[in-house]
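Here's the letter readout for the chains.
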Amino acid sequence: MEIVSAFQVLPSEDDERPGAYAVFPYDRDLVRRFRDSFPRARWRAGEERWFVPGTTAVQRLNTWMAQELDTLDRHADAKGRDAFIFEPLESPYLTIADDLEVRTPYSRTIVDALRSIPWAHWDSDERIWRVPFRSYEELKLRWPEIEEAARRNEPEARRKRREEQKAQASEETSRIQAERRRSRYPVPGDDLPPLGFPLSTYRWGVVVFEAIDIDPIDEPSTIGLYAHVQGDPSRYVWAHWRMPTLQEIYRTRPVQAEEDPQTRSTRGWWWANRDELQERARKLREVERAQRSRHMTRKMSVGF
C-alpha cells in the first residue's frame, strides 16, 4: 500500500500550459524508463516532481504507472515466494496456491490483523483471506497473533472455555451462598458500624449488625469475596448481621447527605439512603408474600 501511494499523478492547474505532474520513488532504472516513455518531461526541483506537458498527460501517466506497478508487483511476488521457500510458515490455517490462503474461525483479532497487511483481501466466494506473496514478510510478522486467535476460536476451544466459565461461576456462586449463610461481614477494626440500625453494605445490601468479633480476620481466601477489603486483612474484624424487619426499615430515617465515596469504598458500610431503604423494603414485602402464599398452599393441601 505504501508503494502504491508513492506513485501519484497530479493534474496541472496552469491553464496556459496543460500537463500533469508525476511523483514516484527514486530508482535509477525507474527514472530511465520514465524518461524513455516521456522524453519531454522536465524535473521540477523546487516541487520535487516531474512535469509532463500535453492535454493527455494524465491518461498517459496513469497508463505508465499502472504498468510499472504491475511489474513491481510481479517482482515483489517473486521475492516473497522465494522468502517463503527459504523460511516457510507451516500451519493448518495456511494453504499455498497462486497466493497465500488463510482460512480460520472467525475472530475480530484476525480480521483486524489481516486488514492491516498490504494487499490482503477477503474472498467472499471461497470464504478465505488471500494474501499475495509480496506481503509474505508482513504476514509472517503477524502470524503468531493470527494463529493464536484462530486456535482460541476453534469450536472445541470455545466450548471448553464456556464450560470452564460456567464452572467458575458456579463455584463462585456456591462460595457466596455459603458465606451468606454465615451472616458475617468484614468491617475495619478502627471504624466499627453501630449495632441495631439498618445500614448499607456492598455485598449484602441493607442489614442490621448485631455483634462484632474482637479477633482480627485470618481467612485470606474468604476475605477475597469482599471487594472493599484493602491492604492488610488483619485490620478487619467480622461483624455479624441479620436482615432488618419491615418495621425497622419504616422507622429508619434515610441519610440526607451522601458520604464520601472513598470512605464508603474502604469502610464497606454506610448509612442507608432513601432508595436503598425502599429497595430492601420491597424485597422484604416479596418474601412476606411468598411465605403467606406457601402457608396458604399448605393449609389447603391439609384441608383436602
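Throughout, a residue's number is its position along its own chain's written sequence, starting from 1. Note on the predicted model: pLDDT of at least 70 is required for a residue's local features to be given, and 80 or more for side-chain atom pairs to be given and counted; whole-chain, interface and lining totals, by contrast, use all residues. Hydrogen atoms and water are omitted, and side-chain values are computed over all heavy atoms in the structure.

### What about the packing of aromatic side chains?
Two rings belonging to Phe, Tyr or Trp (six-membered ring only in the last case) form a pair when the distance between their centres is within 6.5 Å. Interplanar angles under 30 degrees mark stacking, angles over 60 mark edge-to-face geometry, and anything in between is tilted. Taken as a whole and judged by the stated rule, the model has 18 aromatic pairs. Ring geometry for Phe 34 against Trp 64: centres 5.3 Å apart, planes inclined by 65 degrees, an arrangement best described as edge-to-face. On the criterion of sequence distance, the pair formed by Phe 34 in helix α2 (residues 28-37) and Trp 64 in helix α3 (residues 57-86) is long-range, its members being 30 residues apart. Both residues of the pair, Phe 34 and Trp 64, belong to the buried class. Judged by centre distance (5.9 Å) and plane angle (65 degrees), the ring pair of Phe 197 and Trp 271 falls under edge-to-face. Note that Phe 197 is positioned in the loop between β9 (184-188) and β10 (198-201) and Trp 271 in strand β13 (residues 269-271), a separation of 74 residues in sequence. Take Trp 271: its relative accessible area is 36%, and that puts it in the partly exposed class. These aromatic residues form a ring-pair network of at least three members: Phe 24, Phe 34, Phe 38, Trp 43, Trp 50 and Trp 64. One Lys or Arg, Arg 49, reaches over the ring of Tyr 21 and ends 5.4 Å from the middle of that ring. If you follow Arg 134 out to its NZ or CZ, it ends over the ring of Trp 119, 5.3 Å from the centre. Secondary structure elements are taken from DSSP: a helix is a run of H or I of four residues or more, a strand is a run of E of two residues or more, and numbering for both begins at the N terminus. Burial here depends on accessible area, computed with a 1.4 Å probe over protein chains only, as a share of the maximum for the residue type. Under 20% is buried, over 50% is exposed, and the range in between is partly exposed. Charge-over-ring contacts are defined here by two conditions on Lys NZ or Arg CZ: a distance within 6 Å of the ring centre and an angle within 35 degrees of the ring normal.

### Some points on the sheet that holds strand β2 (residues 19-23)
Two orientations exist for strands paired in a sheet by backbone hydrogen bonds: parallel and antiparallel. Here, a strand pair is defined by DSSP locating no fewer than two bridges between the strands. With antiparallel pairing, the 4 strands of this open sheet are ordered in space as β1-β2-β4-β3. With one partner strand each, in any of the chains shown, β1 (8-11) and β3 (42-44) form the two edges of the open sheet. Going across the sheet, the axis of each strand differs from the next one's by a mean of 30 degrees, ignoring polarity. We call two residues in contact whenever any of their non-hydrogen atoms come within 4.5 Å of each other. Lines fitted to the C-alpha atoms define the axes, with helices restricted to the stretch that makes contact. Angles between their N-to-C directions range from 0 to 180 degrees. Against the sheet, α2 contacts β2, β3 and β4 (49-53), and its axis sits at roughly 15 degrees relative to β4. Those strands touched by α3 are β1, β2 and β4, and its axis lies near 25 degrees from that of β2.

Any link to function would need more than the numbers given here.
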